[in-house]
Amino acid sequence: MKNPTRILAVLACAAAMLTACSRNDPAGLIASAKTYLAQANPKAAAIQLKNVLQQSPDRAEARFLLARALLDAGDAAGAETEARKALDLKWPGDEVYPVLARALVAQGNYARLATEFGSRTLGSPQARADVTTSLALGRLNDGNVDEAQRLATLAARDAPDDPRLLVTQAEIANRRNDPAAALRFIDQALAKHPGDVEATVLKSRWLTLQNQSDAAVKLLESALAQNPNALALRFGLASLLVNAGKLDAAGVQVVKMRELAPEDVRTQYADAMWSFGKGDGAHARDVLQHVLGTTPDHLPSLMLNGIVQYQLGFYSLAEDSLRKVVARVPGDTTARRFLAATYVKTGRAAQAIELLAPQLKAGSEDPALWRTAAEASLAAGDPLAATSYYERAAAMDDANVGTKVRLAQARMSSGETERGFHDLEALSRADPKESQADLALIAAYLQQRRYDDALASAQTVVRKQPDSATGYLVQGAVQLARRDLAGARASFDQALARNPGSVDAARNLATIDVQEGKVDAARARYEAMLAKDPNNEAVLMASAELAAVAGGGGDAARKLLERAITAQPASVRPRLALIALAMRERDVKAALASAQAAQAALPNDLQIEDALGTAQLAAGNANQAIDTFQRIVKEQPQNPLALMRLADSQAAAGDASGAIVSARKAVAVQPDFGPAWVSLTKLLLANQRGSEAIAEARRLQKERPKEAVGYLLEGEIQASQQHWTEAAAAYRLAYARRPQPLMASRVYFALTRDNKLAEAAAFAAQWNRDNPKDVTVRAIAAQQAQQRHDLAGALAGYRAALEIEPNNFVLLNNLAGLLSDMNDPAAREYAERAYRVAPFNPSVMDTLGSVLVAGGDPMRGVQLLQMAVNLTPRDPEVRLHLGKALARQGNKTAARRELEIVTRLDPKSPLRADAEKALAAL
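Numbers given to residues run from 1 along each chain, matching the order in which its sequence is written. Totals for whole chains, interfaces and linings use all residues, but because this is a predicted model, local features are given only for residues with pLDDT of at least 70 and pairs of side-chain atoms are given and counted only at 80 or more. The basis for the side-chain values is all heavy atoms of the structure; hydrogens and waters are excluded.

Undergrad: Got a minute to help me understand the overall build of the protein in this structure?
TA: What the protein contains, in helices and strands, is 54 helices and 0 strands. Taken over the C-alpha atoms alone, the protein extends approximately 130 × 70 × 65 Å along its principal axes. Three labels apply to residues, based on accessible area from a 1.4 Å probe with only protein chains included: buried if under 20% of the type maximum, exposed if over 50%, partly exposed otherwise in between. When burial is assessed residue by residue, the protein has 49% of its 922 residues classed as buried. In the protein, the share of contacts with a sequence separation of at least 24, taken over all contacts with a separation of at least 6, comes to 48%. Neither His nor the chain ends contribute to the count of charged residues, in which Lys and Arg are positive and Asp and Glu negative. Think of each charge as sitting on NZ of Lys, CZ of Arg, CG of Asp or CD of Glu. Averaging the positions of the 109 positive and the 103 negative side-chain charges in the protein gives two centres separated by 1 Å. The numbering of helices and of strands both runs from the N terminus, where a helix is a DSSP run of H or I of at least 4 residues and a strand a run of E of at least 2. Working rule for contacts: check all heavy atoms of both residues, and any pair within 4.5 Å makes them a contact.

Quick look at the structure:
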C-alpha cells in the first residue's frame, strides 16, 4: 500500500494546480472581475480583465467589463476606448452604449455625446433611460436647462426610479432655483436606493446651500463609514471642507483619494482645490495642467485653472481657460466675473463691462459681480457708474468691509471727496482690528499731499496690528513721501523684523540705501535673505534691480535673473524682466534670444508672445513680428494694443495698407481708446494720407459730437503738419467739451507755436485761476519760457508749479537743471529733492550727479552718473556727463573710455564734438 501521507500531499498539490488553472482561465478571470465590480473594487477588476485580454484580445465581454471598470475607477478616456472596442467586437449595444455615454459625460465631451446619441434608438428601457440621462447631463452642463428638463422627462418614462436620473432631476431643479423640488428628487433617490453615493453627495450639497454645512459634513462622514472606498463621497467631503476653510481635514481626504485612485480626475481636481486653498497656487496650477492635458474639456478644471492663473498673474492663460467656460456655460457668473477681472487687469475695461452687461441687466444677486463691474468702471474712467455698482454690491452684502471701502473710494473719484473721507473714517473707527479703511485713507491722504493725516492713519494701522509688518510698511511709505529717510528706515526695519521675508521692506530699505550711498548694505541684506531662501524669485528679482542700478550693471543683473528663471522655470516675471533688461541696454540680439527661450519654455503665455514680437520688431525681423502679433490677435481679437502692435509690425515690413487695416480694427474694438486713434492717424500721415486722417477725425466728431476725442484727434493731426492755427481751433473745441488739463495744455501749446503769446498767456492765466491745484499748464508754460530763453519766466513758472506739487520730480529736476545752467547753488537743493522722490530715474540721477560734480562733491556725483549709465547704457548724453565728471575727478583712463564711446556717434552730432573736445583736454 502506498504511503497515505504522500498521496494526500500529491492530491493537495493537484488540487492547488487545478484551482490555479481555474483562476487564470479567461472565464474564471471574468467571473472574478464581475465579483470585484459587485464589491465596488474596479481597480482589482481591471487587473483581472487585462489578464484576460492579454490572452484573448478579441474577447468582447472582457472589453465591455473593462470599460465599466475603468469608468468606475475614474479613467473615462480609457473607458471610452474599451467601450468602442467592445462595440467593434459586437457586444450588445444596449449594454455598451450607456457606458460609452457616461464616459463622454465624465470627459466633458458634450458635443460628441449629442452627435452620437441624439438620434440613437435603444431597445432596453433601462438602456434608453441611462443614455437619455447622460444626454440631459450634457445639456445641463452646457447651460441648456430647458433641454435638460425635456430629456430627463423622457428618461423618467422608462425608469422613473433610476437613482442617477433622480439625481440629475435634482440638479436641474437646483439650476431652476427650486430647492424644494431638488430635495424631493434627492429624498426619493435615497428612499428607493439607500446609500446611493451620487444622491448622498447631492444631499450634502443641498444642505450646504441651505447653510447647513455641518450637517452636510456629518452626512458624508456617515456615508463614508459605510462605504470607505467611495471616491465621490471623499471628493464631496474634501470640497465642503476646503470651502469651510478646514484645510487640514480636507487634506486627509485628498491623501486618501490619492491612495484610492491617484489618476482619477476627481482626485487631481480635489488636490488642486486643496492646494489653492492653502495658498500653493503653483502646485494647483501644475496639477490642473496635468488634468487638462488628458481631459482638456473638463469644465471644473478649466474654471479653477482660470481662477488660479488669474491669482498668479498669468492673465493670458487665465483668459484662455475662462473664455472656454463662458462659451460653454454663458450663465455662469463666476467664470464671467473672473474673465471680466482679467480684462481689467490687461487694460480692456470696456470689454469687461460689455461682458458683464447681460448679468447686470438681469439684476444678478451676486455682489461679487457688481464689485467687478464697479472695478471695471473705475478703470474705464467712469466713477459715477462705479459708485452705483458698489452701492448695489454693498446692499447685497452689508458685512463686506472691502465693498464699503471701495464705495468710498469711488465716491471720491466721482467728486464726493468729503463724503468719501467721512465714510472711510467711520469704517476705520468701527473695527479696532480691521485696517482696510485705514489703508484706503492713507492712499487718499497721500494723493492730496495731506502727509500728517496719512501718517496718523498709518500709526493707527500699527496700533491695530502691532505684530504685523503691514502697518510699518505703510508708515515707512508715508515717511518716504515726507522725505523723512531716517523715520522711513526705522519703520521698514520694524517691518522686516516682524516678517524677515518681506521683500517690500527690503526693497524700500535698498532704495534708502542707494540714496544714502550704502549700496553694499542693500546688497548684503538681499544676500542674507537668499542664504535662507536661495530660490526666492522676488528677492532674486529685487537683487537684479539693485545690480542693474548700482551693483555691477547689466551682467550682474542678468545672472540674478537667470538664477530666478532656473529656480522658477514656469514663472513669467523673471523672463520678462530679462528681456526688458536687454531692451533697456538696447541689446536687441540678447533680448530676442531671451524672448525666444521664454517662448519655448512657456509657449502659451501671451505676455511672453508680446515681448517676443516687440524684440523681433526691434531686431528688424518685421515679418516674424507680424506672425507673433497675429497669434496674439487670434487669441485676443478684442485687444486693441495687440492690433496696434500688429499695425506697427506691418508698417515696418512695408505693408502700409495692412497696417492701416489693423489700426482701424483697433479703433473699432475700442472706439474710446485714444492711443488707437493716434496710431491710425500716424499711419495715415506717414503714408501721405493727411486728408484721410482729417476725414477720420471729423467722422468721429459727427458720431460723437458731445465728446472731445474727435476734436483732439484733429488737433493732433493739424499739429503734426505744423498747421498751428487750425490745431489751436480744434483743441479749443475739444477743450470746450472736456475742460481737462490735457486739453488745456494742448490749446496753450498750439497758441504759443502759432506765436499768439498774449492769447496763450491769457488762456493760461484763466485756466490757472479756475484750476488752482493743477500744474499742467504752469509746467508747460515754464518749459516754453525756458526754450525761449526767458529764464526769469521759466524760474517763476517752475516755482509756482512746485508750490502746488512740491514732490513732482519732473518739475524739481527741470528747475535743478535750469539753476545749474545758471550756476545757481540752489540747484543742488532741488536736485536732491527730485532724487528723494525718484531715486531710480536716470534723468534725475544725471542731473544730481552733474550738479554734485560741479558743486564740489565729485565722488558721489560720479557714483550717481555711473548708476544713470547703468540704467541707460545707450544714452550718449549721460555717458558724456560721466566722462567729463571722471576727467574732473582725475580718473583719465576711465574718462577716456567713456568719452571714446560718445565719439563713435554721427560726425554731425554736437555731443560727439563735445566729447572730442573733452578728450583733447585730457
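Undergrad: Quick question: what am I supposed to make of the confidence of the model for the protein here?
TA: Detailed reading of the predicted coordinates is not advisable wherever pLDDT falls low. Taken residue by residue, the protein gives an average pLDDT of 84. The fraction at 70 or more is 96%. The quantity known as pLDDT measures the predictor's confidence residue by residue, on a range of 0 to 100. Counting contacts from residues 1-23, a segment whose pLDDT is below 50, to residues more than four positions away or on other chains yields 4 contacts.

Undergrad: Can you walk me through the packing of aromatic side chains in this structure?
TA: Aromatic rings considered in pairs are described by the distance between their centres and by the relative angle of their planes. Within 6.5 Å between ring centres, the rings of Phe, Tyr and Trp (the latter by its six-membered ring) count as paired, and their orientation is classed by plane angle as stacked under 30 degrees, edge-to-face over 60, tilted in between. Tallied over the entire structure, the rule returns 9 aromatic pairs. Ring geometry for Phe64 against Trp91: centres 6.2 Å apart, planes inclined by 20°, an arrangement best described as stacked. On the criterion of sequence distance, the pair formed by Phe64 in helix α4 (residues 60-72) and Trp91 in the loop between α5 (76-88) and α6 (93-107) is long-range, its members being 27 residues apart. Phe64 gets classed as buried once you look at its relative accessible area, which sits at 6%.

Undergrad: Help me understand helix α13 (residues 213-226) in this model?
TA: Because each turn of an α-helix spans 3.6 residues, side chains separated by three or four positions in sequence point in the same direction. The span you would expect from a helix comes to 1.5 Å times its residue count less one. The end-to-end C-alpha separation of α13 is 20 Å, in line with the 20 Å expected for 14 residues at 1.5 Å each. Among the residues of α13, those classed as buried are Ala216, Val217, Leu220, Ala223 and Leu224. When α13 is viewed along its axis, its buried side chains cluster within an angular range of 130° and face the same direction. Exposed positions of α13 whose direction lies more than 90 degrees from the buried face are Asp214, Lys218, Ala225 and Gln226. What the arc describes is the spread of directions from the helix axis to the C-beta atoms.

Undergrad: Looking at this structure, how should I read the nonpolar core?
TA: Side chains of nonpolar character tend, in soluble globular proteins, to be buried together. Of all hydrophobic cores here, the largest spans 67 residues; its most connected members are Tyr526, Tyr835, Met845 and Met867. The leading source of residues in this core is helix α32 (residues 537-550), at 10 residues. For Met867, the residues in contact, after removing those within four places along its chain, are Val514, Val549, Ala550, Tyr835 and Met845. Membership of the second largest hydrophobic core comes to 44 residues, among which are Val197, Val217, Leu240 and Val308. We define a nonpolar core as any set of buried Ala, Val, Leu, Ile, Met, Phe, Trp, Tyr and Cys residues linked to one another through side-chain atoms lying within 4.5 Å.

Undergrad: I keep staring at the packing of helix α49 (residues 827-837) against helix α51 (residues 858-871) and nothing clicks. Help me out?
TA: When two helices pack together, their arrangement is captured by the angle between the axes and the distance separating the axes. Each axis is a line fitted through C-alpha atoms, and for a helix only the stretch in contact is used; angles between axes span 0 to 180 degrees, taken between their N-to-C directions. Where α49 meets α51, the axes come as close as 14 Å, and the angle between the chain directions of the two elements is 45°. Judged by the angle between their axes, α49 and α51 are oblique. Judged by the sense of rotation from one axis to the other, the crossing of α49 with α51 is left-handed. Every residue of α51 that contacts α49 at Arg828, Glu832 and Tyr835 is listed here: Arg860, Leu864 and Met867. Just so you know the grouping, Ala, Val, Leu, Ile, Met, Phe, Trp, Tyr, Cys and Pro go in nonpolar, Asp, Glu, Lys and Arg go in charged, and all remaining residues, Gly too, go in polar. Taken together, the residues of the contact of α49 with α51 sort by class into 3 nonpolar, no polar and 3 charged. Each angle is binned into one of four classes, with values under 35 degrees roughly parallel, values over 145 roughly antiparallel, values of 65 to 115 roughly perpendicular, and all other values oblique. Should the near helix be turned counterclockwise from the far one by less than a right angle, the crossing is left-handed, whereas a clockwise turn marks it as right-handed.

Undergrad: Would you mind showing me how to read the packing of helix α26 (residues 436-447) against helix α27 (residues 451-464) here?
TA: Interhelical geometry of α26 versus α27 gives an angle of 165° and a closest axis separation of 8 Å. In terms of orientation, α26 lies roughly antiparallel with respect to α27. The crossing of α26 and α27 is left-handed. Listed contacts from α27 to Asp438, Leu439, Leu441, Ile442, Tyr445 and Leu446 of α26 are Tyr451, Asp453, Ala454, Ser457, Ala458, Thr460, Val461 and Lys464. Among the residues forming the contact of α26 with α27, the class breakdown is 9 nonpolar, 2 polar and 3 charged.

Undergrad: How should the environment of Arg139 be read in this particular structure?
TA: Mapped onto the secondary structure, Arg139 falls in helix α8 (residues 125-141). The contacts of Arg139, once residues within four sequence positions are left out, are Ala114, Asn144, Glu147, Ala148 and Leu151.

Undergrad: What am I meant to see in the pattern of salt bridges here?
TA: Salt bridge, as applied in this entry: a Lys or Arg side-chain nitrogen positioned within 4 Å of an Asp or Glu carboxyl oxygen. Within this structure, the stated rule accounts for 47 salt bridges. Measuring nitrogen to oxygen at the nearest pair gives 2.7 Å for the salt bridge that ties Arg84 to Glu116. Here Glu116 lies in helix α7 (residues 110-117) and Arg84 lies in helix α5, a separation of 32 residues in the sequence.

Undergrad: Before we go on, may I ask you to explain the side chain of Ser377 in this structure?
TA: Turning to its location among the elements, Ser377 is positioned in helix α22 (residues 367-379). Residue classification places Ser377 among the buried positions, given a relative accessible area of 2%. Aside from chain neighbours lying at most four places away, what touches Ser377 is Ile353, Asp382, Ala385, Ala386 and Tyr389.

Undergrad: What should I look at first to understand helix α50 (residues 842-854) in this one?
TA: When the terminal C-alpha atoms of α50 are compared, their 18 Å separation across 13 residues agrees well with the 18 Å that a helix rising 1.5 Å per residue should span. Looking only at α50, the buried set comprises Val844, Met845, Asp846, Thr847, Leu848, Gly849, Val851, Leu852 and Val853. Against the buried residues of α50 lie α32, α48 (809-821), α49, α51 and α52 (876-889). Its side-chain oxygen 2.9 Å from the backbone nitrogen of Ser843, Asn841 forms the N-cap of α50. Under the rule applied, a polar contact is a pair of N or O atoms within 3.5 Å (in protein, one hydrogen donor and one hydrogen acceptor; residues adjacent in sequence only if both atoms are side-chain atoms).

Undergrad: Is there a simple way to explain the side chain of Ser594 in this structure?
TA: Along the chain, Ser594 falls in helix α35 (residues 588-601). Owing to a relative accessible area of 17%, Ser594 belongs among the buried residues under this scheme. Excluding residues that lie within four positions of it along the chain, Ser594 makes contacts with Leu578 and Ile579.

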